[in-house]
Amino acid sequence: MCILSTSTTVVNCKFSTKNRIFKPELRQKKLNLISSTIPFKLKNLLLHNFAVRQELMDTNTDLLQYIFNQISKKVSSTVEGHTSLRKNLTPEDLKESLDFKIPYQSISDNEILNIIKTLMDQSVNTNHPYFMNQMFGKTQPIAYLADVLITLLNTSMYTYEVAPVLTLIENETIDFLSKKVWGRSGDGVFTSGGSMSNMKAMFLAREYKFKDSRTLGLNAYPPVTIFVSDQAHYSFVKGANFLGFGTDALIKIPSDVNAKIRIDALEDIIEKTIADGRIPIMLTGIAGTTTSGSFDDLEALASIAKKYNMWYHVDACFGGASLFSDLEKHRLKGIEHANSVSWNFHKVMSMPLSTASFLTRDKGLLKEAFTVNADYLFHDHDNTYDLGQKSLQGGRRPEVLKLWLSLKYKGEAGFKAHVESLRQKAVYFSSVIENNPHMELFQTPESVIVCFRYKADSLDDKDTDDLNIKIREEIFKKGDIIFNYAYLNNKVYLRVVLLDPDFTKAQLDHILETIETCAKSILMVADS
Ligand SMILES: Cc1ncc(COP(=O)(O)O)c(C=O)c1O
């Protein structure tokens, strides 16, 4: 028995300190955190930090138990360890099963428990290995823990005053990441996601080109141009709109058959916009496109950006993970010339949403761009530890903790192994497709997205598109496996994002067999 005390409450606690989660002797390296130890550990952690509040001690233990069990299920590494992936429910079905209205009077613990059960049961289980619909999915269990800690700490990353340890963690992590990109210390900040990071890049490009634009606004300057490939994430369009450049400022350069920006077309287009009286301010290279995971030629783009004195940004939200692997990092050759880089960790690196960084090669630019006078908060303008002066956000969760703790726990070597294991799965998966006469691979995958289509001799391109959309719809409705489809070179391809390093060959074969069986049954019905 121990006594835990806070300023307001003193409560008897049944949990001995010897069970504390970060005691080294309990931190079994092989723990894998995936096992049933997680609820126990989390429970201790929560109770040590939270449960001193009488309110939570009084909470129905069924409710806490249920939540801990859910965590255990969610981190299960096997398909069998999971309950269903998704249920095919309409909004009407959901309205019937849950009362969404907000009551005036409080409801009971049991009612809350029922609500949580419905929520968990009827939501999409994105931790399921067969959730391959998005670029995020199964998360690293250690990062789960970090996310719980973030909520417990409930602080904001704007001042050292309220986030002393976390500030040093963020600084160290930014330093580590920028060394991965540039081979030396740079600068940066964790953001709410890749979209925010890309918009920050557009903002810095404006500052780089027009020093006085902060006070004068964009009206004081000729119209600008920002170049991205037609495969770029939609956040660039939103950014052009949001930052006041106007969407006409965003020039989309055509991509080639492998979804890479056409370097041969780029300079002519830049010259044309200059002739039209526009000033080129930014060029973006993509390391891992959203649809097919393709990598632009970052080296060639760097020299064009230099020639036209443009801010050079690399969107490595998806493909940045390859920097952890000596086998894979050649795809990002040229990134070291970038002025800025967006790099997400809730994608390939399996952190919970969202864990994202924005990095700059040169120090001080972010602070210069975002510093404001807010004396009530930032008492010392020279304090480089007040990270709020580098950030666009006000209150900002310490998302970095998920990445830093995972890196500590697994080491860089663990991250390398994660990336290489995922790549092996993608290579195996694509080789099976390549050897199947009924399937057509979009390209040998450069990352962990595999795009392919089912085809039949009797079908033309249009019918093949329809067939593949139908395959995706049918399998989606069943809800055992989820992947998406996308248009590439004006054709429909099934798009599978492989984010589970524990996938077995049998599971990967099962996905393709499911697709083939579904295709055959659609074709059979169509023939009859
Ligand atoms: C290449 C790329 N950049 C940026 C983003 C945006 O990232 P976020 O969803 O974190 O805003 C995505 C999202 O899928 C992406 O694929």
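Below is a summary of the structure that appears in this document. Everything quoted here is computed from the prediction, not taken from an experiment.

So, the packing of aromatic side chains
- Applying the stated criterion across every chain yields a total of 14 aromatic pairs.
- These aromatic residues form a ring-pair network of at least three members: Phe176, Phe190, Phe324, Trp343, Phe345 and Phe415.
- Lying across the ring of phenylalanine 476, arginine 86 places its NZ or CZ 3.8 Å from the centre.
- Sitting over the face of the ring of phenylalanine 476, arginine 472 holds its NZ or CZ atom 4.3 Å from the ring centroid.

Let's talk about the pattern of salt bridges
- Applying the stated criterion across every chain, the model contains 31 salt bridges.
- Between glutamate 328 and arginine 331 there is a salt bridge, with its nearest N and O atoms 3.1 Å apart. The exposure classification of glutamate 328 matches that of arginine 331, with both residues buried.
- Across the pair arginine 361 and aspartate 362 runs a salt bridge whose closest N-O atoms are separated by 3.5 Å.

A word on the nonpolar core
- Among the nonpolar cores identified, the biggest contains 70 residues, and Val314, Val341, Trp343 and Phe345 are the most heavily contacted of them.
- At nine residues, helix α14 (residues 400–434) tops the list of elements feeding residues into this core.
- If you look at the next biggest cluster of nonpolar residues, it comprises 30 residues, including Phe131, Met132, Leu512 and Ala519.

Here's the deal with the site of the ligand
- Inspection of the region around the ligand gives 13 residues, with Gly194, Ser195, Thr290, Asp315 and Lys347 positioned closest.
- One of the side-chain nitrogen or oxygen atoms of serine 195 is found 2.8 Å away from an oxygen atom of the ligand.
- One of the side-chain N or O atoms of histidine 346 is found 3.1 Å from an oxygen atom in the ligand.
- Look at the ligand: alone it shows 390 Å² of surface, and the protein chains cover 84% of it.

Rules and cut-offs
Residues numbered from 1 in each chain as written. Predicted model: local features only at pLDDT ≥ 70, side-chain atom pairs only at ≥ 80, totals over all residues. Heavy atoms only, no water. Phe/Tyr/Trp six-rings, centres within 6.5 Å; stacked < 30°, edge-to-face > 60°. Lys NZ or Arg CZ within 6 Å of the ring centre and 35° of its normal. Salt bridge = Lys/Arg side-chain N within 4 Å of Asp/Glu carboxyl O. Buried < 20%, exposed > 50% of the residue type's maximum accessible area, 1.4 Å probe, protein only. Core = buried A, V, L, I, M, F, W, Y, C linked by side-chain atoms within 4.5 Å. Helix = DSSP H or I, 4+ residues; strand = E, 2+ residues; numbered from the N terminus. Near = heavy atom within 4 Å. Polar contact = N/O pair within 3.5 Å; in protein donor to acceptor, adjacent residues only side chain to side chain. Areas by Shrake-Rupley, 256 points an atom, 1.4 Å probe, with all protein chains shown as cover.

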